[in-house]
Structures are given as C-alpha cells and as structure tokens.
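Coordinates in review
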Amino acid sequence: MRKKIVAGNWKMNLDYTAGLSLFSEVLNMVNDEVTGSQEVVVCSPYIHLNSLGQLAKENKSVSVGAQNCHQAESGAFTGEISAAMIKSVGAEYVILGHSERRQYFGETDALLAEKVNAALKNNLKPIFCIGETLDERNENRHFNVIKQQLENGIFNLSEEDFSKLVLAYEPVWAIGTGLTATPEQAQEVHAFIRKEIAAKYDDSIADNTTILYGGSCNPKNAAELFSQSDIDGGLIGGASLKSRDFVDIVKTFN
Ligand code: PEP
C-alpha cells in the first residue's frame, strides 16, 4: 500500500527560535495521529534542519526535509548546500522542483533531473513538484506541461530510484493564492500522472507512488481532497505555519 503523507513547506519563514517552537508544538500534537502507512514531514529552512533532525530522531512521528539542494557533491558554490550536508543533519526528504524555484530561480527540468540524482545518491527522498500555470490551464495545455515535467525531470530514473520519489501536483495558480483546485480537478490530474507512470514503468510502481496535492490546502478543504482515490495527502505551505491548522490537516487522514 502506498504511503499517505502530509508535508509542510515553511518556505522562507520563521527565525530559528520560532521554527523550533512551531516544530515542538507539532510534535506534541501529532504524536497519536500518525499510523504505520502515514507520514508527517516538515520541510524547514536550512538553519532549522539540524535541531529539527535531532528532535525528529527522538520522536519518530515526524520526519524532516529541506526545500532545495545543490546538484553537486561539494565544491566552490558559495552559498549553496549539498544533498550530503542535508542528509548529515538527519533530514530524510528534500523538496525539488517547487514552482517558486522554477519561477524565481530559473530551475529547469534538466537542472532538476541533476538535483534529483544528487538527492537519491545521498539517500534523501525527493518530493518532486510539478504543475501548470493559470495560462497553461486556460489554454488547456496542463496535461502536456505535466507530461513534459515528468519526462524531462524524472522519467530518466531507474525503476528502483523512481520508487523512492514522492510526487506533488501543485497547480501554480493555487499556490499561496487561496484558490484551490476542486477535488475533481485535482483527482483528474493525479489520475493522469499515475497513468503516465504506469505507461513509463508499470502498474505496480504507479500504484505504489505517493502523489500529494499542493495549493492552498487548509483544514477545511483537506478531507475532501485527500478522499479522492489518487490523492495521497498534501504539500502544505501557508497552513503549515500554524501548528493547529497543520495538525488538523494531518488529522483528516483518520
Ligand atoms: C506550497 O508552497 O507548496 C504550497 C502548496 O503553498 P500554499 O499551501 O500556501 O498554497
């Protein structure tokens, strides 16, 4: 059975103290909510990772992830962080291909393919984000855009490596806007993604791939979104900054 995941993306928010206190609140509240086939992940800025990694090791109900990594192992890349460094402080996941990285930092599918390889080589699980802009949806190009992102970003992976990925469908028009894809719109794209995975790999890999929905997910809309047959949880931005909202979204699993 594929894993259900609720992952928080703090983005560039919370100083060190505020991040630690939010994480501690989440740990305290989430403890009894998570069962074997479910996972809660918090993707923080780099400055929190070491401390959150330590707390996560002791607690085990929540895993920790980064929001980006560099594609190289090490070297003269001032200001960058490698996958090995992230892994070394206890993180398990890394978000790659978030639309904000694609849009503001010019990250291309080709670069993301390199980053995915770097993450996997260091035993970090990528949460690989794909999704269309509003124009692309209005022009009815969203399926093509998503297919390209899959083909150029991750369909070069071996079956073994592909099986370690988590995917996140995040329509760009829904991220941070308060606009959410309807459960039907999201389900339609998730089913399409799973069909593409089955065509490239096989039915069993497609069935076992966790595909999260992201885009203005909140405690009110999460249950209906997550009840769709191909939606396996969420990548949560704004609502992950409030412990109550984030844990209420986690609770919709049960
Ligand atoms: C995100 O950043 O991945 C996201 C989905 O943000 P929000 O929930 O704020 O739309």
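See the structure above.
I will try to describe carefully the structure that is included in this document.

This part takes up helix α7 (residues 142-153). For α7, built from 12 residues, the straight-helix expectation of 16 Å at 1.5 Å per residue is met to within 8% by its first-to-last C-alpha distance of 16 Å. Taken residue by residue, α7 has His-142, Val-145, Ile-146, Gln-149, Leu-150 and Gly-153 as its buried positions. The buried residues of α7 occupy an angular sector of 135 degrees when the element is viewed end-on, so they sit on one face.

Burial analysis of strand β2 (residues 38-43) places six of its six residues in the buried class, the great majority of the element. Residues Gln-38, Val-40 and Val-42 point to one face of β2 and Glu-39, Val-41 and Cys-43 to the other, with burial holding for every one of them. Pairing analysis gives six bridges linking strand β1 (residues 4-9) to β2, with the strands arranged parallel. Within the sheet, the bridge partner assigned to Lys-4 lies in β2 and is Gln-38. Between the parallel elements β1 and β2, the chain passes through helix α1 (residues 16-30) in a crossover that is right-handed. Relative to strand β3 (residues 62-66), β2 runs parallel, the two sharing four bridges. In the strand pairing of β3, Val-42 is matched with Val-64.

Before going further, it helps to spend a moment on the nonpolar core. Formed by 63 residues in total, the largest nonpolar core has its most connected members in Ile-154, Ile-193 and Ile-197. If you tally residues by element for this core, the top one is helix α9 (residues 183-200), at six residues. Apart from the residues lying within four places of it in its own chain, the contact partners of Ile-154 are Val-116, Phe-128, Gln-149, Phe-162, Leu-165, Leu-167 and Tyr-201. In terms of nonpolar packing, the next biggest core, distinct from the first, is built from 12 residues, Ala-7, Val-41, Tyr-93 and Ile-95 among them.

With that out of the way, let us pick up the packing of α1 against helix α12 (residues 243-251). For any two helices packed against each other, the geometry is given by the interaxial angle and the distance between the axes. Their axes nearest at 9 Å, the elements α1 and α12 cross at an angle of 35 degrees. Our pair here, α1 against α12, has a crossing hand that is right-handed. Contacts between α1 and α12 involve Leu-22, Glu-25, Val-26, Met-29 and Val-30 from the former and Ser-243, Arg-244, Phe-246, Val-247 and Val-250 from the latter. The residue makeup of the contact of α1 with α12, split by class, is seven nonpolar, one polar and two charged.

What counts, and at which threshold
Residues numbered from 1 in each chain as written. Predicted model: local features only at pLDDT ≥ 70, side-chain atom pairs only at ≥ 80, totals over all residues. Heavy atoms only, no water. Helix = DSSP H or I, 4+ residues; strand = E, 2+ residues; numbered from the N terminus. Expected span 1.5 Å × (residues − 1). Buried < 20%, exposed > 50% of the residue type's maximum accessible area, 1.4 Å probe, protein only. Arc of directions from axis to C-beta. Pairing = 2+ DSSP bridges. Right-handed = clockwise from strand over helix to strand, strands pointing away. Core = buried A, V, L, I, M, F, W, Y, C linked by side-chain atoms within 4.5 Å. Contact = heavy atoms within 4.5 Å. Axes fitted to C-alpha atoms, helices over the stretch in contact; angles between N-to-C directions. Left-handed = near helix turned anticlockwise from the far one by under 90°. Nonpolar A, V, L, I, M, F, W, Y, C, P; charged D, E, K, R; others polar.

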